[in-house]
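# Tertiary structure, described
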Amino acid sequence: GPRPDFVVSEPPPTTGAAVRIACVARRVPYVYYCADIVSDAAALAGVPGLVVRAVAGLESFALRGARRVIAVSDGVARRARDLGARDVVVVPNGVRVPDAVAAGTPEGFPACDGPVFVYAGTVAQWLAPEVFVDAFERARSRLGDARLVFVGQGSGWDALADRSRGVARVEMIPAVSAEEADRWMARATATLASLRPGGYDYAYPTKILASLAQGTPVIYAGPGQAASDVRDAGLGVACSLDASQVAEAMVAFASDAVTWAGAEGVRAWVRAHRSVDASSQAAAAVVCSAL
């Protein structure tokens, strides 16, 4: 095709490596959108070391050739520099904040008198979603007619289903459309997100932002910037990746004992700090600066 002014590439590293080769051949600059560090995620997921090293090599190759790198967090930026990126700009992820929360009841939403806790999104080993099953089992006698619902898919889905089997009032719903996921989050008492401490502490589960955009608070179990945001801005409850602490957070929501910013308050926070409009403008400025 016609020679472009610049190219924007994103993970996986195989794509980035191919883009670098093509752009060198055509003398076109490219910007690498570093949404995560794939080699770190692979290592935490237990992928064989040889594969992790190969992925890291491709990732470094892609990052070193980019004129600019857009990283989604300070932690991702730090790791990108470790892998050889030269000019890194942090632009946090943004989400769409609708004018109004999603209306209607999603198909399969529990008809119960107690709280409904919803985990919506990717299920993977490095996210440790099983902590919510353990917590729900511990707290069930204090939660009334509560439900724990997982809506999603991912590499850890089957293992999570095995862990949930035999635990009463835990439901698993296969992946749904984005619009339907919004309805699940909008109707939930609180949504759930987690991150296993270790080599991927700098990740920021975007399911947190999607939930807040629907006016629903979150229980976040894990480290990093997400914990600080939830705690400091009154976005729900932040705790360690510990079943006992998560259980107490669930009980607090069930008894209406959680102090948070309210539905409009959390929507306003996302709009001001993590909206897709703000992020897109900042990312576009970085791309244009590469010319």
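The structure reproduced in this document is the subject of the present report. Please read these numbers as outputs of a predicted model, since none were measured by experiment. (Residues numbered from 1 in each chain as written. Predicted model: local features only at pLDDT ≥ 70, side-chain atom pairs only at ≥ 80, totals over all residues. Heavy atoms only, no water.)

Glancing now at the pairing of strand β8 (residues 190-194). Looking along a regular strand, one sees the side chains alternate between the two faces of the sheet. Counting buried positions over the five residues of β8 gives five, a clear majority of the element. Neither face of β8 is exposed, since A190, L192 and S194 on one face and T191 and A193 on the opposite face are all buried. Bridge count between strand β5 (residues 116-122) and β8: two bridges; the pairing is parallel. When the sheet's bridge partners are listed, F117 is paired in β8 with A190. (Buried < 20%, exposed > 50% of the residue type's maximum accessible area, 1.4 Å probe, protein only. Helix = DSSP H or I, 4+ residues; strand = E, 2+ residues; numbered from the N terminus. Pairing = 2+ DSSP bridges.)

In terms of nonpolar packing, the biggest core is built from 76 residues, with F117, F132, L148, F150, I219, V246 and M250 touching the most fellow members. Counting residues per element, this core draws most heavily on helix α10 (residues 243-254), which supplies eight residues. When neighbours within four sequence positions are excluded, F117 is seen to be in contact with L143, R147, L148, V149, A190, L192, I219, M250 and F253. Ranked by size, the runner-up nonpolar core spans twelve residues in total, among them F109, A120, V151 and W184. (Core = buried A, V, L, I, M, F, W, Y, C linked by side-chain atoms within 4.5 Å. Contact = heavy atoms within 4.5 Å.)

The next subject is the sheet that holds strand β3 (residues 68-71). Read across the sheet, four strands follow the order β1-β2-β3-β4 without closing on themselves; strand pairing throughout is parallel. Of all strands in the sheet, those bounded by a partner on one side alone are β1 (7-9) and β4 (88-90). Averaged over all adjacent pairs, the angle separating strand axes in this sheet is 25°, with direction ignored. As paired elements, strand β2 (residues 30-34) and β3 share four bridges and run parallel to each other. The residue of β3 that forms the bridge with V31 is R68. With respect to the sheet, helix α4 (residues 74-82) is in contact with β2, β3 and β4, its orientation differing from that of β4 by roughly 170°. The sheet contacts of helix α12 (residues 276-289) involve β1, β2, β3 and β4, and relative to β3 the element is tilted by about 170°. (Axes fitted to C-alpha atoms, helices over the stretch in contact; angles between N-to-C directions.)

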